Amino acid sequence: MQHLFIVIDGIGYDQIERFQPSGLIERGKRTGLVPLTTLLTYSSGIYPSIWSGQYPDQHLVWTEFFRRPAPRRAVTGPLGLLPGKYLLRKAAYVALAVLKRLGMEQPEYAAIPPQVQSCFDRVQSQYWNLPPVPMPAVPLISQKIERSGQTWEYVFCEALDQRAERRIHDTAARVDTLLVCFPDMDKAGHELGPMSAAFGEAFHAFDARLARLIAELEQRWPDTVTFLCSDHGMTTVTRQFDAWSYLEQRGFRLGHEYLAFINSTIISLWFDNGHRDEISHALNQSGYGRVLSPDEHASYHLDFPDRRYGDRFFVADEGVELIPNFISLANQANYGMHGYDPACSSTRAFFIGGKQVDVQPSDVVDLYDVLTEAAVMADCLV
Ligand SMILES: [Zn+2]
């Protein structure tokens, strides 16, 4: 092994500052620790960006759910006539499961309300793959590494345990570049809160175990160049906002006056029947976030060539979680969330290892350049 590239999902620069985990801090002192600007999306759009060096409006992978060009036929449509927000969707869940068993309804559409289910489609991100969704048209980092005559493997570890350590050691023995991803700190941030004492405890334990693992690997392969990074930070949730009811109370009904896909922090909005300005105005008056103006789309890398991800985008204020949303049936917010405006400090990712390369990344997409430079470096050594 010559290069070790580790992604710790959901660890923000602010959390490293706050908890000072000795392994990351010590390595940061030696090889450089900097914050990275993340993207206005979730891991679904960020990993494709890291692995391709392109922004979401270039590679066209953003959120997992997007609008279909034309609605499909959905057997569950009539369920939308029933009132209510949670019970109804739970009923739809059961109905979907039954229909799926009978082979009458295809995919499981998460917590999307039945009255608009037929409008959406899903690209299921498979994070254990690089890339998590097929991206045939873009130049992937894996291809770059191969082109420079190097071998690589991507190891996705649900947890940092003995099994993971063994897998990483075994893989390191047969490749030039080893890419590793740990998703479990993201989960801890959601469940415990990114700045809580309980999270700090979990983070210190993870950091100590990771530092030990890296030390072992660098002892076996002393010339290894190691980088560590994350894809986004984690924000403490302080408030929740029911945008769906808020709009309904003002006479704007989902699936009638407007169509929306409500994520945890971002709402994709479509206006087929007008009402764009009134609905945008109402959301801007809510005190929970704002609708981006069209001339801002490019700077947020949301300048998509078609309407699949939305006509407009509502972004919740830092710390606001949208409840209910179409991702889960939870009626209570998480303790931590991500997917806010990348200008917010708590959203920042981190990067360790910059002193070892010339390129200085400023956002998560630039990590592609770090990997490219490392691959070329190895090429020169050969
Ligand atoms: Zn997450």
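One can find the structure itself at the top, above this paragraph.
Keep in mind the model is a prediction, meaning the values are calculated, not measured. In every chain, residue numbers begin from 1 and rise along the written sequence. Totals for whole chains, interfaces and linings use every residue, but because this is a predicted model, local features are given only for residues with pLDDT of at least 70 and side-chain atom pairs only at 80 or more, for both listing and counting. No hydrogens and no water enter the side-chain calculation; it runs on all heavy atoms of the structure.

Asker: How would you explain the coordination of the zinc ion if you had to name every residue and give the values?
Answerer: For the zinc ion, the full set of protein donor atoms is Asp 186 (OD), Asp 186 (OD), His 190 (NE2) and His 338 (NE2), and the range of their distances to it is 2.1 to 2.5 Å. Its 4 donor atoms give the zinc ion angles of 55 to 144° at the centre, a pattern that matches the irregular case. Any N, O or S atom lying within 2.8 Å of the metal counts as a donor, with the limit raised to 3.2 Å for Na, K and Ca; because water is left out of the atom set, some sites can appear incomplete. Sequence spacing among the residues donating to the zinc ion works out to D-x3-H-x147-H. Pair noted here: Asp 186 and His 190 are both in helix H8 (residues 184-192), with a separation of 4 residues, about one helical turn. For Asp 186, a relative accessible area of 13% corresponds to the buried category. Every angle between 85 and 135 degrees makes a four-donor site tetrahedral, while opposite donors more than 155 degrees apart, with all other angles between 65 and 115, make a four-donor site square planar and a six-donor site octahedral; other sites are irregular. Here a helix means four or more residues in a row that DSSP labels H or I, a strand means two or more in a row labelled E, and each is numbered from the N terminus. Think of it in three bands: with a 1.4 Å probe and only protein chains considered, a residue is buried below 20% of the maximum accessible area for its type, exposed above 50%, and partly exposed in between.

Asker: So what about the packing of aromatic side chains? Which residues, and what values?
Answerer: To pair, rings of Phe, Tyr and Trp, with the six-membered ring standing in for Trp, must have centres within 6.5 Å; the planes then decide the type, stacked if under 30 degrees apart, edge-to-face if over 60, and tilted in the middle. Scanning all chains against the criterion turns up 23 aromatic pairs. Each ring, one from Phe 182 and one from Phe 206, has its centre 5.5 Å from the other, and the planes form 85°; the classification is edge-to-face. In this pair, Phe 182 sits in strand S6 (residues 177-182) while Phe 206 sits in helix H9 (residues 197-220), placing the two residues 24 residues apart along the sequence. When the centroid spacing of 5.6 Å and the interplanar angle of 40° are considered together, the rings of Phe 199 and Phe 203 count as tilted. With Phe 199 and Phe 203 both in helix H9 and 4 residues apart, the pair spans about one turn of that helix. Note on accessibility: Phe 199 and Phe 203 belong to one class, buried. Clustering of aromatic rings is evident, with ring pairs tying together Phe 5, Tyr 47, Trp 51, Tyr 127, Tyr 154, Phe 227 and Phe 351. In this scheme, Lys NZ or Arg CZ marks a charge over a ring once it lies within 6 Å of the ring centre and within 35 degrees of the ring normal. One residue, Arg 250, lies across the ring of Tyr 246, its end atom 3.7 Å from the ring centre.

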